[in-house]
Amino acid sequence: MTTRILIADDQEDIRSGFRLILDSQPDMTVVGEAADGETAVALARELRPDVVLADIRMPRLDGLEVTRLLAPRTRVVVVTTFDLDEYVHTALRNGACGFLLKRSGPALLIEGVRAAMAGDTLISPQITVRLLSRLTQAGPVAARPAAHPLTEREVDIVKLVARGLTNAEIGAELFISAGTAKTHIANVQAKLGARNRVGIAAWAWEHGIAKAEADTP
């Protein structure tokens, strides 16, 4: 089945770039574009896309209000330049199926759409790391027992996921391909029962594996 996508962003070059990325996927097609929030809501109700990608700062209605009006009937993934915690919390509270930063790159954009279609919520790794690290500010994370189902290589992968690295960055760090890194992450998700990278990062913090990373600038 083809995922039908509506792009809402007030910058034409951003919309064009997203369209090129998404239309290049065999299972995705962009069915419409909107340069402001009101148009986005109207088009979403008319075209009934599977996923709406919404910027936050748009004329007439911002992406947070667009999310409130469309979700949960329509899956909305917020894609923005601004990663303020207030925006993240409001977007998720309003029913967003994801919160991605534009600088995160094409692979995460595609992954975010697929996650939304799977009923999952994907948040950019950079934001995840910041939110999780703040959970430890009241005190150090107590390390859980060392026993777990992961191999030594998979633990290395988990530490890098907890730092917010992409598959390509993990590959470069460990001298493996991005595809191999992706396979390792899929294996880790299966072993831990994690739904996505956010779940892996949360597990790392909970078990003290990411503790050393918290002090990294």
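Refer to the preceding data block for the structure.
Along every chain, residues carry numbers that run from 1 in the direction the sequence is written. Local features in a predicted model are, by the rule used here, given only for residues with pLDDT of at least 70; side-chain atom pairs are given and counted only at 80 or more, and totals for whole chains, interfaces and linings are based on all residues. Excluding hydrogens and water, the side-chain values take into account all heavy atoms of the structure.

Some details on the sheet that holds strand E4 (residues 75-80)
Step number 1: Spatially, six strands are ordered E2-E1-E3-E4-E5-E6 in an open sheet, and the strand pairing comes out parallel. The open sheet terminates on both sides in strands that have one partner only, identified here as strand E2 (28-34) and strand E6 (122-123).
Step number 2: Two strands qualify as a pair provided DSSP detects at least 2 bridges between them. Secondary structure follows DSSP: runs of H or I at least 4 residues long count as helices, runs of E at least 2 residues long count as strands, and numbering of each begins at the N terminus. Across six bridges, the pairing between strand E1 (residues 3-8) and E2 is parallel. Each bridged residue has a counterpart across the sheet, and for Ile-5 the counterpart in E2 is Val-30.
Step number 3: By the convention used here, residues are in contact when the closest approach between their heavy atoms is within 4.5 Å. With axes taken as lines fitted to C-alpha atoms, and helix axes fitted only over the stretch in contact, angles between N-to-C directions fall between 0 and 180 degrees. Sitting on the sheet, helix H1 (residues 12-23) touches E1, E2, strand E3 (51-54) and E4, and the angle it makes with E2 is about 165°.

Things to note about the environment of Leu-70
Step number 1: Take Leu-70: it is sitting in helix H3 (residues 63-70).
Step number 2: When near neighbours in sequence (up to four residues on either side) are disregarded, Leu-70 contacts Val-41, Ala-44, Arg-45, Val-52 and Val-76.

Some thoughts on the packing of helix H8 (residues 167-174) against helix H9 (residues 178-192)
Step number 1: Between H8 and H9, whose axes approach to 8 Å, the crossing angle comes to 105°. When the axis of H8 is compared with that of H9, the two are roughly perpendicular. The residues of H9 that touch H8, namely those facing Asn-167, Ala-168, Ile-170 and Gly-171, are Ala-178, Ala-181, Lys-182 and Ile-185.
Step number 2: Lys, Arg, Asp and Glu make up the charged group, whereas Ala, Val, Leu, Ile, Met, Phe, Trp, Tyr, Cys and Pro make up the nonpolar group; the residues left over, Gly among them, are polar. Of the residues that constitute the contact of H8 with H9, the class distribution is five nonpolar, two polar and one charged. Roughly parallel here means an angle under 35 degrees, roughly antiparallel means over 145, roughly perpendicular means 65 to 115, and every remaining angle is called oblique.

What to know about the environment of Glu-169
Step number 1: Secondary-structure assignment places Glu-169 in helix H8.
Step number 2: The class for Glu-169 is partly exposed, based on a relative accessible area of 41%.
Step number 3: Separated by 12 residues in sequence, Glu-169 and Ala-181 have C-alpha atoms that sit 9.2 Å apart. Categorising residues by exposure relies on relative accessible area from a 1.4 Å probe, with only protein chains included: less than 20% of the type maximum marks a residue as buried, more than 50% marks it as exposed, and the intermediate range marks it as partly exposed.

Any link to function would need more than the numbers given here.
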